[in-house]
Amino acid sequence: MSFPVEINNLGFRFPSNSSDLLQNINLKVKEGEVLAIVGLSGCGKSTLCYCISGIIPLIKQGVMEGEVLINGRSTQELSLSQIATNLGIVFQNPETQLFSPTVEDEIAFGPENLCFARDAIEKRVDESLKKVGMEQQRYKNPHHLSGGQKQLIALASVLSLNPKILIFDEAMSKLDPDGKKMIKDLIIDLKNEGRTIIMVEHDMANLNIADRVKLLDGGKLTDFTGSL
């Protein structure tokens, strides 16, 4: 049986470190599952996201052991464009993902970069904006939007490539209660579509939408028992 995300004996350390930040991590995430990963600041949650998404080792370098499989294929055998059409990641700070002068341009960037046809790009932009409820912001500068709206646009830009796997790396940490509710509602909608969701969290109040919660501590991933 193939899982959307499968991690086998994963270990990682940065070149400047003598000890492993991640140690012998094994994980299988099922289709349509919302998996939450919690842990103290600096424990390696974002690094684990980078390993799952292929940012490590394709962009960030270090010593990596084991393997990460996306739909049965190793991330080390896939190109960034192949990964991007299967898996998308939404970061803690949407400013790191927004750089175009308009919302429309922002969402079109991914499909344009992969040389989609113009009509296909228009369709992806329309569908992504509708999914996050931001059609009215189409021609606005994303940097003039609220924090919650920026995060929705960052998500829409990821959804424009229609990935079946999504990672939210503390994507709600800078949002007010209304912004958090918008993202949580969307995660539930995406789950109901059969997409696989991994959400890294430090706020226990956001775990109510997760099907399963794992704790990253001391470089190892274990079942979460309810306290950090």
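Residues numbered from 1 in each chain as written. Predicted model: local features only at pLDDT ≥ 70, side-chain atom pairs only at ≥ 80, totals over all residues. Heavy atoms only, no water.

**Let's talk about the packing of aromatic side chains**
- In this structure the tally under the stated criterion is 3 aromatic pairs.
- Ring centres of tyrosine 50 and phenylalanine 91 lie 6.5 Å apart, and the angle between their planes is 55°; this geometry places the pair in the tilted category. Of the two residues, tyrosine 50 is situated in helix H1 (residues 45-53) and phenylalanine 91 in the loop between strand E6 (87-90) and helix H4 (103-113); the sequence distance between them amounts to 41 residues.
- Under the relative-accessibility criterion, tyrosine 50 is labelled buried at 18%.
- Between phenylalanine 99 and phenylalanine 109, the ring centres sit 5.0 Å apart and the planes meet at 90°, which makes this aromatic pair edge-to-face. Of the two residues, phenylalanine 99 is situated in the loop between E6 and H4 and phenylalanine 109 in helix H4; the sequence distance between them amounts to 10 residues.
- Under the relative-accessibility criterion, phenylalanine 109 is labelled partly exposed at 39%. (Phe/Tyr/Trp six-rings, centres within 6.5 Å; stacked < 30°, edge-to-face > 60°. Helix = DSSP H or I, 4+ residues; strand = E, 2+ residues; numbered from the N terminus. Buried < 20%, exposed > 50% of the residue type's maximum accessible area, 1.4 Å probe, protein only.)

**Regarding the domain arrangement of the chain**
- Here the domain parsing of the chain yields domain 1 (1-86 + 165-227) and domain 2 (96-162).
- On the side of domain 2, 12 residues touch domain 1, which itself brings 14 residues to the contact.
- Carbon and sulfur atoms supply 74% of the area buried between domain 1 and domain 2, which totals about 1,100 Å² over both sides.
- Looking only at domain 1, the three residues that lose the most surface to domain 2 are Thr85, Leu186 and Arg195, adding up to 37% of its buried area. (Domains from an automatic or database assignment. Contact = heavy atoms within 4.5 Å. Buried area = accessible area lost by both parts, 1.4 Å probe.)

**Focus on the environment of phenylalanine 116**
- Here phenylalanine 116 shows up in the loop between H4 and helix H5 (118-132).
- Of the residues examined, phenylalanine 116 reaches a relative accessible area of 25% and is grouped as partly exposed.
- For the pair phenylalanine 116 and valine 63, spaced 53 residues apart in sequence, the C-alpha to C-alpha distance is 35 Å.
- Here phenylalanine 116 is in contact with Pro111, Ile121, Arg124 and Leu161, once residues within four sequence places are set aside.

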